[in-house]
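Breakdown of the fold
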Amino acid sequence: MNTVMCYKNLLDIIYYILKKQDPRARKTIGSVGRKIHHRIVQVINEDGENLGNMHRADVIRMLDERGLKLVPLRENADPPVYRLMSGKQIHQEQLKLREKQKAKTGPTQVKELTFSSDIAKHDLETKVKQIQQWVEKRHHVRLTVRKGSASVEKMEGLLEEIVQSMPDLATFVTKPKAIKDGRAAMGILRHLSEKELNEYKKQLKQKEQESEGPRQEAGDVANPENTQTKVLHQ
């Protein structure tokens, strides 16, 4: 069995290539379009199944018939190895590769901020802006709330409110928890990953669509002529 086929996930295949330190290997994911320079290529389908060696004319015909794209895995192999993928699959693998590459860029810088649970609203807003700037730079931010007149639950709640004020930007690495025998609460923030950000946008869009339904129904009730018109058309 070809070594490449030991890895069903495209990302695993790419990192297998990089691990072998082939200086000519591609380190990005992208379609070659219809430009297949070799007459015979090895093809893996979109489900990870090895289709074996195919003539480039047959590959191009398959691309057209199934609406797929051709992604090079090992162009310097004999024969070169390619994979059929949908546009969505390519996008998802690009995001995974980007996240994995970021994880290898080195240690993450950690910023720290400490304030009292009795902090004034204006001062808290100023600190939140500072937190946002750090998170946007991909720093982790360790927040410590000192106990004033608030309970442990309120200190932890304050940290939760800070994250909730920037739902499209930050989340917790470490959830809020009491420290120093309950005299303070601490939590660590980080930037959302691409996957988490896309999921947030998806959920936000769903909520907007759900809220549009009741508004439309309320509009029909307020304007009975619209309802009558719909009935007449039916």
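First things first, this report covers the structure right here in the doc. (Residues numbered from 1 in each chain as written. Predicted model: local features only at pLDDT ≥ 70, side-chain atom pairs only at ≥ 80, totals over all residues. Heavy atoms only, no water.)

**Description of the nonpolar core**
Cut-off, in case you're wondering: Definition of nonpolar core: a set of buried residues of the types Ala, Val, Leu, Ile, Met, Phe, Trp, Tyr and Cys, connected through side-chain atoms within 4.5 Å. Categorising residues by exposure relies on relative accessible area from a 1.4 Å probe, with only protein chains included: less than 20% of the type maximum marks a residue as buried, more than 50% marks it as exposed, and the intermediate range marks it as partly exposed. The helix count covers DSSP runs of H or I at least four residues long, the strand count covers runs of E at least two residues long, and both are numbered beginning at the N terminus. In this analysis, two residues are considered to be in contact whenever any of their non-hydrogen atoms come within 4.5 Å of each other.
With 23 residues, the main nonpolar core has Phe115, Ile131, Leu143, Ile162 and Leu189 as its most contacted residues. Counting residues per element, the ones that place at least two in this core are β5 (110-116), α4 (121-136), β6 (140-146), α5 (152-164), β7 (170-179) and β8 (184-191). The contacts of Leu189, once residues within four sequence positions are left out, are Ile131, His139, His140, Val141, Leu143, Val163, Ala170, Thr171, Phe172 and Val173. Counting residues in each nonpolar core, the second largest holds 13 residues, with Val32, Ile36, Leu70 and Leu84 among its members.

**Digging into the sheet that holds β5**
Note the cut-off: Strand pairing follows a simple DSSP-based rule, namely that at least 2 bridges must link the two strands. Lines fitted to the C-alpha atoms define the axes, with helices restricted to the stretch that makes contact. Angles between their N-to-C directions range from 0 to 180 degrees.
Pairing is mixed in the open sheet, where four strands are placed in the order β5-β6-β8-β7. Taken across any chain shown, the strands that pair with only one partner, and hence form the sheet edges, are β5 and β7. Pairwise comparison of adjacent strand axes, ignoring direction, gives a mean angle of 15 degrees for this sheet. Of the strands in this sheet, β5, β6, β7 and β8 are in contact with α4, which crosses β5 at around 170 degrees. Along the sheet, α5 makes contact with β5, β6, β7 and β8, crossing β7 at roughly 170 degrees.

**Brief notes about the sheet that holds strand β3 (residues 69-74)**
Sheets are built from strands that pair by backbone hydrogen bonding, the pairs being arranged parallel or antiparallel. With mixed pairing, the four strands of this open sheet are ordered in space as β2-β1-β4-β3. Each having just a single partner strand, β2 (50-55) and β3 make up the two edges of the open sheet. For this sheet the average axis-to-axis angle between neighbouring strands, irrespective of direction, equals 35 degrees. In this structure, β3 lies alongside strand β4 (residues 81-85), joined through five bridges in antiparallel fashion.

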